[in-house]
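Read off the chains here:
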Amino acid sequence: MKYLAVIGVGRMGGKHALNLAKGRVKGARLACVCDTDKNALDKWRSKCAVYEDYKTMAEREKLDAVVIATPHYSHVEIAKYFLERNIAVLTEKPVSVTVEWAEELNEVAKNSGALFGIMYNQRTNPVYAHVRELVKSGALGTVRRANVTVTDWYRSQFYYDMGGWRASWSGEGGGTLINQCVHQLDVMQWILGMPGSVSAVCRTVNRNISTENEVCANFDYGTFSVVFTASAHEVPGVNMMEIAGDKGLVKAGKFKARIYLLKKSESEINALSRRDYGNKEDKKYKKYTVRYGLFRLIRDGIRGQQCNILCDFVRALEKGGALLAPGEEGINGLQLINGVYASNWLKKTVTLPLDGKAYTKLLKEHAEAEKKGGC
Ligand SMILES: NC(=O)c1ccc[n+]([C@@H]2O[C@H](COP(=O)([O-])OP(=O)(O)OC[C@H]3O[C@@H](n4cnc5c(N)ncnc54)[C@H](O)[C@@H]3O)[C@@H](O)[C@H]2O)c1
């Protein structure tokens, strides 16, 4: 049996703690929780030991792992503290707010004997896993184009006004991109790999916040581009990923994907073509649908998709083997996010991987300007 603590029992951490307390994670028990806010601890006092300070908790408890669900800026500091003591860490996304600090954390993780995971729960979506397999196996052929549109993470002004740290450069390190879209960007790079550069424009539409709630980015992969569009002010919104390869097309939503696999590749169709629009008989394809699945949909609806990552983390803690979402990979999504913000601020294309130190400087300047009311 592995004993876990949850640090930060607000909206998300509270769900992690509940999943552990209810025995939904095989092989794991909730040892204790920690939160700097006494009110957040109140509902846990009758269930487990509670702490206001994670260092005191580490001294008093014999822990196998901690789950970090605090605001973004604190992830690296807390994760380092436990990894340096050889206690396994599962951190919430994003791993950090800057690539520079994520690099430092990865260095600590490399030198630690402890397991390090990240809550990239969208990787447990069977639809995305299938799309990834199609791309990685070559079934879709050479990728030629992709569009990722995420405009269904609606956030009202009420949401932004709820928590002091949200949608600010100084508290969150960004807006809709770093908070919600970090998931889609991770899935994008998990499936397609990392681009070589990004050029982006960010906007704040119809909300009183200092960060963006709309992003339009072009990720350049050298031989193809991904057009990435995200917003948090649109109703009803869209969540769609299209990937076109020379052997087919994928149209993937959150719950199902339509797959079109060509009988002949586009290169063959082109070579055989003796008509201006190609030969109709050469353009035939097999079509099928992949679904999330009713059982998974109900299960993930009840306990949250995040519980799948918790289960995978505890499985690796107990039995070894690779994690579905290793913490060290958290930096990839962050590269994309920092790249988008830098491109928007500097009004130029940014080469990836970017200079982490230079980005941290830029972010600090924006956080300072925000405090003076300039953002
Ligand atoms: N994986 C997902 O789908 C998902 C969904 C929502 C939020 N999140 C992530 O979860 C994290 C928390 O978000 P939230 O919405 O729960 O925020 P929240 O503000 O509701 O909760 C954060 C909690 O952390 C506590 N806290 C702050 N600093 C602390 C410290 N140093 N030590 C201990 N406790 C501390 C706060 O008092 C608060 O109770 C963020 O990283 C967020 O991006 C992930």
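Residues numbered from 1 in each chain as written. Predicted model: local features only at pLDDT ≥ 70, side-chain atom pairs only at ≥ 80, totals over all residues.

## As for helix 11 (residues 294–303)
Here is step 1: Burial analysis of helix 11 places just zero of its 10 residues in the buried class, a small minority of the element.
Here is step 2: Phi turns positive, to about 90 degrees, at Gly304, one or two residues after helix 11. (Buried ≥ 20, exposed ≤ 12 C-beta atoms within 10 Å, placed from the backbone. Helix = DSSP H or I, 4+ residues; strand = E, 2+ residues; numbered from the N terminus.)

## A look at the sheet that holds strand 3 (residues 49–51)
Here is step 1: Spatially, the six strands line up as an open sheet ordered 3-2-1-4-5-6, and their pairing is parallel. At either margin of the open sheet sits one strand with a lone partner, and together these are strand 3 and strand 6 (116–118). Within this sheet the neighbouring strands show an average axis-to-axis angle of 25 degrees, counted without direction.
Here is step 2: Taken strand by strand, helix 4 (residues 75–83) contacts strand 1 (2–7), strand 4 (65–68), strand 5 (88–91) and strand 6, and its axis lies near 160 degrees from that of strand 5. (Pairing = 2+ DSSP bridges. Axes fitted to C-alpha atoms, helices over the stretch in contact; angles between N-to-C directions. Contact = placed C-beta atoms within 7 Å.)

## Re the nonpolar core
Here is step 1: In terms of nonpolar packing, the biggest core is built from 96 residues, with Ala5, Val66, Val89 and Val340 touching the most fellow members.
Here is step 2: Taken domain by domain, this core gets at least three of its residues from each of domain 1 (2–121 + 301–327) and domain 2 (123–292 + 332–371).
Here is step 3: When residues no more than four places from it in sequence are discounted, the contact partners of Val340 are Leu177, Val198, Ala200, Cys202, Val215 and Ala217. (Core = buried A, V, L, I, M, F, W, Y, C linked by C-beta atoms within 7 Å. Domains from an automatic or database assignment.)

## Examining the site of the ligand
Here is step 1: Close to the ligand lie 25 residues; Gly8, Gly10, Arg11, Met12 and Asp37 are nearest.
Here is step 2: Classifying every residue of the shell around the ligand gives nine nonpolar, 11 polar and five charged. (Near = placed C-beta within 6 Å. Nonpolar A, V, L, I, M, F, W, Y, C, P; charged D, E, K, R; others polar.)

## Remarks on the packing of helix 5 (residues 99–111) against helix 14 (residues 356–371)
To describe two helices that pack against each other, one gives the angle between their axes and the distance between the axes.
Here is step 1: For the pair helix 5 and helix 14, the least separation of the axes is 7 Å and the interaxial angle reads 130 degrees. It follows from the interaxial angle that helix 5 and helix 14 lie oblique. In this structure, helix 5 contributes Val99, Glu100 and Glu103 to the contact, and helix 14 contributes Gly356, Lys357, Tyr359 and Thr360.
Here is step 2: Looking at side-chain class alone, the contact of helix 5 with helix 14 contains two nonpolar, two polar and three charged residues. (Parallel < 35°, antiparallel > 145°, perpendicular 65-115°, else oblique.)

## A word on the pairing of strand 11 (residues 239–245)
Moving residue by residue along a regular strand, the side chains alternate between the two faces of the sheet.
Here is step 1: Both strand 7 (residues 143–150) and strand 11 contribute to a ladder of seven bridges, which runs antiparallel. Looking at strand 11, one finds that Val148 is bridged to Met241.
Here is step 2: The pairing of strand 11 with strand 12 (residues 248–252) spans five bridges and is antiparallel. Within the sheet, the bridge partner assigned to Met241 lies in strand 12 and is Ala252.
Here is step 3: Between strand 11 and strand 12, which pair antiparallel one after the other, the connecting turn spans two residues.

## Some remarks on the pairing of strand 5
Here is step 1: The alternating pattern of strand 5 places Ala88 and Leu90 and Val89 and Thr91 on opposite faces, both of which are buried.
Here is step 2: Here strand 4 runs beside strand 5; their pairing, made up of four bridges, is parallel. If you follow Val67 over to strand 5, its bridge partner there is Leu90.
Here is step 3: Note on the crossover from strand 4 through helix 4 to strand 5: the handedness is right-handed.
Here is step 4: Where strand 5 and strand 6 come together, three bridges link them in parallel fashion. In the strand pairing of strand 6, Val89 is matched with Phe116.
Here is step 5: Handedness of the crossover joining strand 5 and strand 6 through helix 5 is recorded here as right-handed. (Right-handed = clockwise from strand over helix to strand, strands pointing away.)

## Notes on the domain arrangement of the chain
Here is step 1: With domains assigned, the chain is organised as domain 1 (2–121 + 301–327) and domain 2 (123–292 + 332–371).
Here is step 2: The gap between the C-alpha centroids of domain 1 and domain 2 is 27 Å.
Here is step 3: The interface is formed by 20 residues belonging to domain 1 together with 21 residues belonging to domain 2.
Here is step 4: Secondary-structure elements contributing two or more residues to the side of domain 1 that touches domain 2 are helix 5 and helix 12 (306–319).
Here is step 5: For the side of domain 1 that touches domain 2, the element with the most residues is helix 5, which contributes four residues.
Here is step 6: Of the residues in the side of domain 1 that touches domain 2, the class split is 11 nonpolar, six polar and three charged.

## Observations regarding the environment of His72
Here is step 1: Note that His72 resides in the loop between strand 4 and helix 4.
Here is step 2: According to the C-beta neighbour criterion, His72 is buried, with 21 such atoms within 10 Å.
Here is step 3: The spatial distance from the C-alpha of His72 to the C-alpha of Glu92 is 8.3 Å, given a sequence separation of 20 residues.
Here is step 4: Those residues within four positions of His72 in sequence are excluded, and the remaining contacts are Pro94, Val97, Glu172, Gly173 and Ile178.

## Remarks on the sheet that holds strand 15 (residues 350–351)
Here is step 1: Read from one edge to the other, the open sheet built from nine strands follows the order 14-13-12-11-7-10-9-8-15, with strand pairing classed as mixed. Every interior strand has two partners, whereas the edge strands, strand 14 (285–291) and strand 15, have only one.
Here is step 2: Of the pairings in the sheet, the one linking strand 9 (residues 214–220) to strand 10 (residues 225–231) comprises seven bridges and is antiparallel in character. In the strand pairing of strand 10, Phe219 is matched with Val226.
Here is step 3: The sheet contacts of helix 9 (residues 182–192) involve strand 7 and strand 10, and relative to strand 7 the element is tilted by about 165 degrees.

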